[in-house]
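Okay, here's what each chain looks like letter by letter:
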Amino acid sequence: MFVFLFSLVNAQEFTIQGKVLDHEQKPLVFANVLLQTMDTVLAKGTATDNNGSFVLENIKKGKYLISASYIENVSQIKTITIAADLNIGSLIIAQDAQELEEVTLTYKKPTIEQKVDRIVFNIKNTALSDNDIWSVLKRTPSVVVVKDQLTIKGQSNVGILINGRRVNIPENDVVNLLSGSSASNVEAIEVITNPPAKYSAEGGLLINIKMKNNLIAGYNGAVYNSYTQGIFPKHTLGTDHFFKGKKTDFSLAYSFRDNKDITRYTDVANFFENGTITEKWTAEQDATTNRKQHNVSAFFDYTPNERNTISVSTINALTPSVNRFYDSETLITDLNGNLNSSFETTNDSDYDVYNTAIYFDWVHRFKKKGAELSFNTHYTYYDYDRVQNLETDFFDVNRTLTGENDFTTMSGQKTGLFSIQVDYATPFGASTKFETGLRYAGINSENDISQEGFDRSQPGIDPTEAGTFSYDEDISAAYVSLSNDWNKWKLKFGLRAEYTETVGDLDTEPTVTKNTYFELFPSLSVSHELAEKHSINLNYYRRITRPRYNRLNPFQYFQTNNSVIEGNPDLLPSTRNYIALGYTFDKDYRLEFYFTERKNQYLQQVFQDNESNFLRFISTNLGLNTSYGGDISINKNVTDFWDTYLLFAYFYRESRFTDLDTGTELTNDIWTARLRFNNSFTLLKDKSLFADLTLDYFSPTVSGNSRQKSYNETGLAFRKTIWDKKASISLAIRDIFNRGKLFNTRRYLNQDNTSSFRAENRLLVLGFRYSFGNTKIKNNKKRKRVEERGRI
């Protein structure tokens, strides 16, 4: 009955067929056929067979423009109306046909589009398209990047997809991989605020990076170069290649990054004795990182017939050489600022990371239009090895050396991930689509550590001398979903069930940590057009965030002589509920109210140990966290060359956490605000110059036991196409006024400490890209992601 009510009208798909002939009525082989909407957006493309025939499938009802091209010649453009399967007869290509390019360049998509379950940020033909993908994400509406961590509406653990498929990007390597990938091949960024049930409930909200599609036959390629100057220079060099034939698609992408970065930290801790502050420890740290990284990906698609497609692909992020050097000086003073003693620490670590994955996909399309069965499987191997040498010299008030503490740490993580998934989709009636599927994922992570030479006489210091931690996880899942698009209503509903078993085994402990749980994850998106310019929407979802594998690792890792990072094998998964109600006027003005509740959120919290004068960075579960507030956004085409986007958000955030010493649950809460102002300009008569101006402001906020001060960033970017649009040059200045510095405080009970984080935010970026081959076609670059990969 439910399906019948929503199977009303609309959304039926049809087939177009015909032939392409030359002026002598002879068939043209491998001629390109283009189908465009009436506003000249490319909808479908194909190439003719050996008889000059072509077929375009899955075409929705409506009015279209159709034409054919062969080498430098094109046919006349025909206007057709699709209400049933259609044979258009012949398209004739003559020598004096007009250039199709003059038609396809007249339409510019809106910069931002609001859909039922996502926000679409179109960057094609903007100043941002010559940046790397990571830089574009920083400018994407609803996305916030803090300390190189992505968040959407305050939610971290964001999943990355490219062309609708999850990409293998471990959380720590997200910045490195996307910073080495050019945005020139990106059509749009989709911020999926309510992910469909077919995707794992793990991974938070989703960002889908839509690459330009190679809809018609041919080859194109490009080389690009990006130079960034901050305190130190950074350099990226890459090349992309794409080929599409009648039955095969192939793409290959390679990039190399050679970066040197510096981040400055200041940690101040006022240590207590018998409830009174007795000493102030001020640590100034410079962390310099030299990194060389290779990104290699290859994709091969084979379509033996119209009903089957087989795909094999591989993605590799290879980092053979990273050196991170910490140089730290800590001053110990009394309450009047008089120096009591000091110590200096150098932390010299070298590590390498190898991350490789291979995928196999098969899609079978049934005779029933829109019905298909898909199968995919994947295996990933992740290998991380690190050697750290930490040396500390202690001085008295006269700067006389009084002692040393030197030690070495060797650690590693090897993780294997395997997954397999089967999906089935079929239409019900004219407007309803039903989907269901099964998935299994198995994960094994082996972690080891060896440490020697440290001074164990300090209270609170008991690092593992040597140990191995093994973690196994099995996840079985099933889902059903229903989507409908009829009249003035749009609906997406899904229900996902997941059963999880985990086993953590530390060889130095007598017991094994086991955990099993079963969870249901419903999701719902509904939108209704009230009148011509008025619409409302409702979104709800429940999702889960499982602990990162390295956060479960119980070993102690030293940063300096008095700061240590600790994992927690007893971390619990975090679940959250989210609901939002929105109103849109004339597609340009939007108001949204939301409420979210999160249980067992885990964060890396900073606690000061007053007995041992230590700062401990510990992964812990928080209590119940809530947030509610509203957003106002304006997305306006002010003129034919100026697009603007304004977002103002004001919300309440409450974070409950447990004090490490007393076990007392405390509350950290605040009303906070965020402002984003984007302006995009298309300049010059030939529309070959693009400019982008962005302002971000964040008022004070809270996270766990920490309160963060306000900060802001301003960025400016230019892009100029040259050589008949085959090449482009770009210039960008990020964080022009160098105000993107973070300052956090933790003051409660016997905790009184602050931290300042100052990365290289103010950057000058120069870019160049040159495209060759058949540059009129679009490429089919795509990526995948597997949910568990983000937890490596």
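These numbers come from a predicted model, not from an experiment.

A separate point is the overall build of the chain. Scanning the chain from terminus to terminus reveals five helices and 46 strands. Residues classed as buried in the chain amount to 53% of the 792 residues present. By sequence separation, contacts in the chain at least 24 residues apart represent 67% of the contacts at least 6 residues apart. When the accessible surface of the chain is summed, it comes to about 34200 Å², and 55% of that surface belongs to carbon and sulfur atoms.

So, on to the pattern of salt bridges. Taken as a whole and judged by the stated rule, the model has 22 salt bridges. Note that K490 and D485 form a salt bridge whose closest N and O atoms lie 3.9 Å from each other. With relative accessibility at 29%, the residue D485 sits in the partly exposed group.

Let us now look at the sheet that holds strand β4 (residues 53-60). The strand order across the open sheet formed by three strands is β4-β1-β8, and the pairing between neighbours is mixed. Among the strands making up the open sheet, the edge pair consists of β4 and β8 (86-93). If you compare each strand with its neighbour and ignore which way they point, the axes differ by 25 degrees on average. With six bridges connecting them, strand β1 (residues 13-22) and β8 associate as parallel partners. Within β8, the residue paired with V20 across the bridge is L91.

We now examine the pairing of strand β45 (residues 751-758). Of all eight residues in β45, seven are buried; the element is thus mostly enclosed. As judged from the six bridges shared by strand β19 (residues 248-273) and β45, these two strands associate in the antiparallel manner. Opposite D267, over in β45, you have S755 as the bridge partner. By the bridge criterion, seven bridges tie strand β44 (residues 742-748) to β45 in an arrangement that is antiparallel. In the sheet register, Y748 faces β45, and the bridge partner there is Q751. Once β44 ends, the chain turns through two residues before running back antiparallel as β45, passing L749 with a positive phi of about 45 degrees.

Within this structure, the stated rule accounts for 24 aromatic pairs. Seen from their ring centres, F271 and W281 are 5.3 Å apart, and the 80 degrees between their planes marks the pair as edge-to-face. Taken together, the residues span a long stretch of sequence, with F271 in strand β19 and W281 in strand β20 (residues 276-305) at a distance of 10 residues. In this pair, the class of F271 matches that of W281, namely buried. Note on F428 and F434: the rings are 5.8 Å apart at their centroids and 10 degrees apart in plane angle, and the pair reads as stacked. Residue F428 is classed as partly exposed on the basis of its relative accessible area, which comes to 30%. Site record: aromatic cluster; members linked through ring pairs are Y219, W723, F768, Y770 and F772. Residue placement shows K260 over the ring face of F232; its charged tip is 4.2 Å from the ring centre. Of note, R399 hangs over the ring of F395, and the distance from its end group to the ring centre comes to 4.1 Å.

L137, L150, I152, I189, I207 and I209 are the most contacted members of the largest nonpolar core, which totals 26 residues. Broken down by secondary-structure element, the contributors of at least two residues to this core are β10 (118-122), α3 (133-138), β12 (149-152), β15 (186-192), β16 (206-211), β32 (574-585) and β37 (642-658). If you tally residues by element for this core, the top one is β37, at four residues. Within the second largest apolar cluster, 18 residues are counted, among which are A31, F54, L56 and I82.

Moving on, we get to the pairing of strand β24 (residues 401-428). Side-chain positions along a regular strand alternate between the two faces of the sheet. Across 24 bridges, strand β23 (residues 372-395) lies against β24 in antiparallel orientation. Bridged to D383 within β24 is K414. Between β23 and the antiparallel strand that follows it, β24, lie five residues; R399 among them carries a positive phi value of about 65 degrees. By the bridge criterion, 21 bridges tie β24 to strand β25 (residues 432-452) in an arrangement that is antiparallel. Counterpart to T415 in the pairing with β25 is S445.

Here we come to the sheet that holds strand β30 (residues 556-560). Pairing within the open sheet is mixed, and its four strands lie in the order β30-β31-β35-β34. The two strands at the open ends of the sheet, each matched to only one other strand, are β30 and β34 (602-609). Averaged over all pairs of adjacent strands, the angle between strand axes in this sheet comes to 25 degrees, irrespective of strand direction. Pairing of strand β31 (residues 563-566) with strand β35 (residues 614-621), which is carried by four bridges, proceeds in the parallel orientation. Bridge assignment links I565 to a residue of β35, and that residue is F617.

With that settled, consider the side chain of N447. For N447, the position within the fold is in strand β25. On the accessibility criterion, N447 (2% relative accessible area) is buried. In this structure the side chain of N447 is engaged in a polar contact, spanning 3.4 Å, whose partner is the side chain of S445. Excluding anything up to four places from it in sequence, N447 contacts G412, Q413, G467, T468, F469, N553 and F555.

A few words on a negative patch on the surface. Taken together, the side chains of E446, D448, D472, D474, E501, D505 and D507 present a region of like negative charge at the surface. When residues of the negative patch are traced back to their parent elements, those giving at least two are β25, β26 (466-486) and β27 (489-506). On the accessibility criterion, D472 (30% relative accessible area) is partly exposed.

To continue, consider the environment of G567. With respect to the helices and strands, G567 occurs in the loop between β31 and β32. On the accessibility criterion, G567 (16% relative accessible area) is buried. Each C-alpha atom of the pair G567 and R551 lies 4.7 Å from the other, and the pair is 16 residues apart in sequence. Those residues within four positions of G567 in sequence are excluded, and the remaining contacts are R551, N553, P554 and F555.

Moving on: the confidence of the model for the chain. Chain-level pLDDT for the chain is 83 on average; 85% of the residues reach the 70-or-more range. Predicted confidence for residues 1-11 stays below pLDDT 50, and this span has 26 contacts to residues more than four positions away or in other chains. In the predicted structure, residues 775-785 sits below a pLDDT of 50 and forms 67 contacts with residues beyond four places in sequence or in another chain.

Looking now at the environment of Y697. With respect to the helices and strands, Y697 occurs in strand β39 (residues 689-698). With a relative accessible area of 33%, Y697 lands in the partly exposed category. Sequence separation of Y697 and Y711 is 14 residues, and the distance between their C-alpha atoms is 6.1 Å. In this structure, Y697 is in contact with A673, R674, L675, S710, Y711 and N712, ignoring residues within four places of it in sequence.

On to unusual backbone geometry. Positive phi outside glycine occurs at L684, with the angle close to 75 degrees. Here L684 shows up in the loop between β38 (665-683) and β39. The phi angle at D724 is positive, at roughly 55 degrees, despite the residue not being glycine. Note on placement: D724 falls in the loop between β42 (711-722) and β43 (727-734).

This next bit is on the environment of K234. Inspection of the secondary structure assignment puts K234 in strand β18 (residues 233-244). Excluding residues within four positions of it along the chain, K234 makes contact with S226, Y227, T228, D258, N259, K260, D261, E760 and L763. Polar contacts involving the side chain of K234 include one to the main-chain carbonyl oxygen of K260, which spans 2.8 Å. Looking at K234, its side chain comes within polar contact range of the side chain of D261, at 3.1 Å.

Here is what the cut-offs are and how they apply
- Residues numbered from 1 in each chain as written.
- Predicted model: local features only at pLDDT ≥ 70, side-chain atom pairs only at ≥ 80, totals over all residues.
- Heavy atoms only, no water.
- Helix = DSSP H or I, 4+ residues; strand = E, 2+ residues; numbered from the N terminus.
- Buried < 20%, exposed > 50% of the residue type's maximum accessible area, 1.4 Å probe, protein only.
- Contact = heavy atoms within 4.5 Å.
- Areas by Shrake-Rupley, 256 points an atom, 1.4 Å probe, with all protein chains shown as cover.
- Salt bridge = Lys/Arg side-chain N within 4 Å of Asp/Glu carboxyl O.
- Pairing = 2+ DSSP bridges.
- Axes fitted to C-alpha atoms, helices over the stretch in contact; angles between N-to-C directions.
- Phe/Tyr/Trp six-rings, centres within 6.5 Å; stacked < 30°, edge-to-face > 60°.
- Lys NZ or Arg CZ within 6 Å of the ring centre and 35° of its normal.
- Core = buried A, V, L, I, M, F, W, Y, C linked by side-chain atoms within 4.5 Å.
- Polar contact = N/O pair within 3.5 Å; in protein donor to acceptor, adjacent residues only side chain to side chain.
- Patch = residues over 30% accessible without salt bridge, like charges linked within 9 Å, V, L, I, M, F, W, Y side chains within 5 Å.
- Lys, Arg positive; Asp, Glu negative; His and termini not counted.
- Charge placed at Lys NZ, Arg CZ, Asp CG, Glu CD.
- pLDDT = per-residue confidence, 0-100.

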